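Observations on chain architecture
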Amino acid sequence: MKKLLLIIGFVCFQSFSAQSIMDFDLKNVELQGMKPATIDKEMKDIGITKIPFVTNDPDIISKIEGPETAATIKNFYTFTYNNPKGDDGGVMVYEFKTKPDLEVFLAKNFEQSNARILVKGLFCINIWSDYSLYVKGKESSEDHLNKLEKYYVNLGAKKVQLQEMQPIDATDQ
């Protein structure tokens, strides 16, 4: 009887502590100069039908990340912002099936000035901003990144330092 109660207690604890990808939904976050993205033809072709967008469909995920990576992802979430000038930004959250799957994904990515990667458990949170406007007193791409990073750090995520991209040596070509 004790074993049964322990098992029931463990299952209940797991269900309370299990996190949903929607726990990372951008709620009430505004990026100055940007609006939630309108669905364009490219997004429709991928299968993105609304913003925010959530899927566990491997066919849609493979159009975003490729089939090999898509096979390791359990759920995918994105909230994209844009403006009429073509600037965009936002977040993509990947829930991986296993910790090694997440680690392989992180090892394939590089540091970028317009993006940051955060991790919480099996979730990889990729925030980016290509906002080109830099006007004194207005938010910049860096401000957007700081705002998004702070939002996810407050949800318990930690920033990950990725490998630096190595310059290409033209003499090797």
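Just so it is clear, the model here is predicted, and its values are computed rather than measured.

Attention now goes to the confidence of the model for the protein chain. Considering every residue of the protein chain, the mean pLDDT works out to 85; 82% of them sit at 70 or more. Low pLDDT (under 50) marks residues 3-17, which in the prediction has zero contacts with non-local residues, meaning those over four places away or in another chain.

As enumerated under the stated definition, the model contains eight aromatic pairs in all. The interplanar angle of 35° and the centroid separation of 4.9 Å between the aromatic rings of F79 and Y81 together place this pair among those described as tilted. Residues F79 and Y81 agree in their burial class; the two are buried. Through pairs of rings, three or more aromatic residues link up here, namely F24, F123, Y151 and Y152.

Let us now look at the environment of K97. Secondary-structure assignment places K97 in the loop between β4 (88-96) and α5 (99-107). Looking at K97, the relative accessible area reads 48%, which means it is partly exposed. When neighbours within four sequence positions are excluded, K97 is seen to be in contact with A71, T72, I73, K74 and L122. Polar contacts involving the side chain of K97 include one to the main-chain carbonyl oxygen of A71, which spans 2.8 Å.

This part takes up unusual backbone geometry. The step from I51 to P52 runs through a cis peptide bond, and the omega angle for that step is -5°. For P52, the position within the fold is in the loop between α2 (41-46) and β2 (53-55). The residue N28 is not glycine, and still its phi comes out positive at about 60°. Checked against the element boundaries, N28 lands in the loop between α1 (2-17) and β1 (35-36). Judged by relative accessible area, N28 falls into the exposed class, the value being 82%.

Thresholds applied
Residues numbered from 1 in each chain as written. Predicted model: local features only at pLDDT ≥ 70, side-chain atom pairs only at ≥ 80, totals over all residues. Heavy atoms only, no water. pLDDT = per-residue confidence, 0-100. Contact = heavy atoms within 4.5 Å. Phe/Tyr/Trp six-rings, centres within 6.5 Å; stacked < 30°, edge-to-face > 60°. Buried < 20%, exposed > 50% of the residue type's maximum accessible area, 1.4 Å probe, protein only. Helix = DSSP H or I, 4+ residues; strand = E, 2+ residues; numbered from the N terminus. Polar contact = N/O pair within 3.5 Å; in protein donor to acceptor, adjacent residues only side chain to side chain.

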